[in-house]
Amino acid sequence: MIDRRRFLSHLAELARFGADELGGVSRTGFSEADHAARRYLCERSRMLRLRATVDAAGNLFIGRREADRDRPVLLFGSHLDSVVHGGRLDGAYGVVAALETLARLDERDGSFAYEPVAVAFANEEGAEFGYPFFGSKAMVGPIEHAERLVDSAGLPLRDALRAAGGDIDALSSAVWPAGRLGGFLELHIEQGPVLQRAGVPLGLVEAITGRHIFEITLTGEQNHAGTTPMDDRHDALVAGARLTLAIEDIARVRRLCAVSTVGRFDVRPNVTNVIPGAVTLTVEIRDGSLDRLANAERAVLAAVAALGPGIDARVDVRMRAAPVRTDHRLSAAITDAAAEHGLPVLTMHSGAGHDAQIVAAAGPVGMIFVPSRDGISHSPREHTEPEHLLAGADVLLTTVRRLLEGADR
């Protein structure tokens, strides 16, 4: 079992980095709070006689000091960054559990089938630098146009990545060669209500939803709000509002995908007596089917085209993450580990995207969920009972041990 006091202490300490006035955590990727959380994790790793390294993409890896680099890696972890005014568990829980797992493994002797490594992936949320899953995507393939990325204040990713220990000019070195990854396990809070409603302490994820994100800029004509007749207006905000309602209908009314969301909406110049000349909004669609995602994407583009004359539109694809299924062997190891602890498991889908679905391009992945109180996440109200957090961490440790000892090969 994991060291309970140490685990809960590390989780509480991490919540200080980016703690905000609403009682949540605002630790966006590559922010100073994110850097501070990384430094804290590196310090704790050294105290546990582990070795921390950072790759060119800013991914933080923690391994044994006497690592065998010739063995394939069993990777486990999640991410440290959060959304703005998010909770203290999303991502961080999986990273702390991974650190504790590795610390407990390091106390044991024996020849392992894999080399165990914990990971904190960089910029999973993409809350400031609009490239979600940046770190895990860099691990599985080249990142295009990374030098163009800036945050909301105009800070280039190049500078922020350097502060995290990465190097935008060396991103190709972050790609793992074929065969290096033996498997990846991600422990995470569910972020939904399914487990709590079922009264089950653990979820075994069999599939992760696909996710497409678009950034759409609509340009109309900025003009005087008092002197411009209604029939002569090309109001970008009105066009954006119409588009937002059309996006809502794609899932709610037309049922083309599971969910569709306009999550960000920026108006320019955003002044009371000026007709808005431009808006930029994000559109996100999610579903477990590639075909349905493709149909929903076509519907998004058709809704943009239907805005008509007087409004120019530019659509930029920010991300396309395909739905993935988890690996049967890793899932069996999770199920057996849960049984060893006497814990029932509910097989389920993940409606949220995770680094695991990106890493699946490089090797087999498995996911464990623990319940979220009232299904709330990405909120200061995010909470999971300590006994569920500890149970999930114990199952992760046992799963990793079984795989390292070859019990499930």
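Heads up: the structure comes first, above all this text.
The present account deals with the structure reproduced in this document. Since the structure is predicted, the reported quantities are computational estimates derived from the model, not experimental observations.

1. Structural notes on unusual backbone geometry
Backbone phi values are negative for most residues with the exception of glycine, while trans is the configuration of most peptide bonds. Here the amide bond leading from R268 into P269 is cis, since omega sits at 5°, within 30 degrees of zero. As for its position among the elements, P269 is in the loop between β9 (259-268) and β10 (274-275). We note that R49 has phi near 60°; this positive angle belongs to a residue other than glycine. Mapping R49 onto the fold places it in the loop between α2 (32-47) and β1 (50-54). Located in the positive-phi region is H378, a residue other than glycine, with phi close to 55°. Considering the arrangement of structural elements, one finds H378 in the loop between β15 (365-370) and α11 (386-404).

2. Observations concerning the environment of R180
Its location among the elements puts R180 in the loop between α5 (157-163) and β5 (181-189). Classification of R180 as partly exposed rests on a relative accessible area of 38%. Distance in space between the C-alpha atoms of R180 and D312 is 47 Å, their sequence separation being 132 residues. In this view, R180 contacts P72 and V73; residues no more than four positions away in its chain are not counted.

3. Here's the deal with the pattern of salt bridges
What the rule picks out here adds up to 23 salt bridges. For the salt bridge of R16 with E13, the shortest nitrogen-to-oxygen distance reads 3.0 Å. Among the residues examined, E13 registers a relative accessible area of 26% and is labelled partly exposed. Between R264 and E215 there is a salt bridge; the shortest N-O distance is 3.0 Å.

4. Remarks on the nonpolar core
Formed by 54 residues in total, the largest nonpolar core has its most connected members in F7 and F76. For this core, the element with the most residues is helix α3 (residues 92-106), which contributes ten residues. Residue contacts for F7: discarding those within four places in its chain leaves I2, Y93, V96, A97, E100, L389, L390 and A393. Counting 22 residues, the second largest nonpolar core, distinct from the first, contains A236, A239, V279 and A296.

5. A word on the packing of aromatic side chains
Scanning the model with the defined rule gives seven aromatic pairs in all. Arranged with centres 6.1 Å apart and planes meeting at 70°, the rings of F7 and Y93 form a pair that is edge-to-face. In this pair, F7 sits in helix α1 (residues 4-14) while Y93 sits in helix α3, placing the two residues 86 residues apart along the sequence. Like Y93, F7 is buried. Here the aromatic cluster, defined as three or more aromatic residues joined through ring pairs, consists of F30, F129, Y131 and F134. Note that R16 overlies the ring of F17, its terminal NZ or CZ placed 5.0 Å from the centroid. Geometry around W176 places R180 over its ring, the cationic atom sitting 4.0 Å from the centre.

6. Thoughts on α11
For α11, with 19 residues, the first-to-last C-alpha span of 27 Å sits near the 27 Å given by 1.5 Å per residue. Most of α11 sits out of view: 15 of its 19 residues are buried. Positive phi appears at G406, one or two residues downstream of α11, with a value of about 80°.

7. Remarks on helix α9 (residues 328-340)
Between its first and last C-alpha, α9 extends 18 Å over 13 residues, near the 18 Å set by a 1.5 Å rise per residue. When α9 is considered as a whole, its buried residues turn out to be L330, S331, A333, I334, A337 and A338. Relative to the axis of α9, the buried residues are bounded by an arc of 155° and lie together on one face. Turned more than 90 degrees from where α9 packs its buried face, H328, A339 and E340 sit exposed. Packing partners of the buried residues in α9 comprise β5, β6 (202-208), β14 (345-350), β15 and α11. You can read the cap of α9 off the contacts: a side-chain oxygen lies 3.1 Å from the backbone nitrogen of R329, and it is on D327. Remark: G342 follows α9 within two positions and exhibits a positive phi of approximately 70°.

8. Focus on the sheet that holds strand β11 (residues 278-287)
Across the sheet, four strands lie side by side as β9-β11-β7-β12; this open sheet has antiparallel pairing. The sheet is open, and its two edges are formed by β9 and β12 (312-321), each paired on a single side. Going from strand to strand, the sheet's axes swing by 15° on average, the running direction of each strand aside. Bridging between β9 and β11 involves nine bridges; their strand directions are antiparallel. What sits directly across from S260, in β11, is I285. Relative to the sheet, helix α7 (residues 236-252) contacts β7 (210-219), β9 and β11, its axis offset from that of β9 by approximately 170°.

9. Digging into the packing of α1 against α2
Between α1 and α2, whose axes approach to 10 Å, the crossing angle comes to 155°. With respect to their mutual orientation, α1 and α2 come out roughly antiparallel. Considering only the axes of α1 and α2, their crossing is right-handed. Taken together, the residues of α2 that come into contact with α1 (itself represented by S9, H10, E13 and L14) are A37, Y40 and R44. The residue inventory of the contact of α1 with α2, partitioned by class, reads three nonpolar, two polar and two charged.

10. A closer look at the packing of α9 against α11
Remark: α9 packs on α11, axes separated minimally by 8 Å, with the N-to-C direction vectors making an angle of 125°. Classified by the angle their axes make, α9 and α11 are oblique. Two packed elements cross with a definite hand, and for α9 against α11 that hand is right-handed. Across from R329, L330, A333, I334, D336, A337, A338 and E340 in α9, the residues of α11 making contact are V395, T398, T399, R402 and L403. For the contact of α9 with α11, the per-class residue count stands at seven nonpolar, two polar and four charged.

Calculation rules
Here the residue numbers are simple positions, counted from 1 along each chain's written sequence. The predicted origin of the model limits local features to residues at a pLDDT of at least 70 and limits the giving and counting of side-chain atom pairs to 80 or more, whereas totals for whole chains, interfaces and linings rest on all residues. In computing side-chain properties, one takes all heavy atoms of the structure into account and sets aside hydrogens as well as water. Starting at the N terminus, helices and strands are each numbered in turn, a helix being any DSSP run of H or I of at least four residues and a strand any DSSP run of E of at least two. For every residue, the accessible area obtained with a 1.4 Å probe (protein chains only) is divided by the maximum for its type, and the residue is called buried under 20%, exposed over 50%, and partly exposed between those limits. Two residues form a contact once any of their heavy atoms are found within 4.5 Å. Put simply, a salt bridge is a Lys or Arg side-chain nitrogen that is within 4 Å of an Asp or Glu carboxyl oxygen. Residues grouped as a nonpolar core are buried Ala, Val, Leu, Ile, Met, Phe, Trp, Tyr and Cys residues, joined through side-chain atoms within 4.5 Å. Working definition: rings of Phe, Tyr and Trp (its six-membered ring) pair if their centres are within 6.5 Å, and the pair is stacked with planes under 30 degrees apart, edge-to-face with planes over 60 apart, and tilted otherwise. For a Lys NZ or an Arg CZ to count as sitting over a ring, it must be within 6 Å of the ring centre and within 35 degrees of the ring normal. One less than the residue count of a helix, multiplied by 1.5 Å, gives the span that helix is expected to have. To obtain the arc, one takes the directions from the helix axis to the C-beta atoms. Polar contacts here mean pairs of N or O atoms no more than 3.5 Å apart (in protein, one a potential hydrogen donor and the other a potential acceptor; neighbouring residues in sequence count only if both atoms are side-chain atoms). A pair of strands is treated as paired once DSSP finds two or more bridges between them. Each axis is a line fitted through C-alpha atoms, taken for helices only over the stretch in contact, and angles between the N-to-C directions span 0 to 180 degrees. To sort the angles, those under 35 degrees are grouped as roughly parallel, those over 145 as roughly antiparallel, those from 65 to 115 as roughly perpendicular, and the leftovers as oblique. With the far helix as reference, a near helix turned anticlockwise by less than a right angle produces a left-handed crossing, and one turned clockwise produces a right-handed crossing. Classification used: nonpolar for Ala, Val, Leu, Ile, Met, Phe, Trp, Tyr, Cys and Pro, charged for Asp, Glu, Lys and Arg, polar for all others including Gly.

Shape descriptors only; they carry no functional weight alone.
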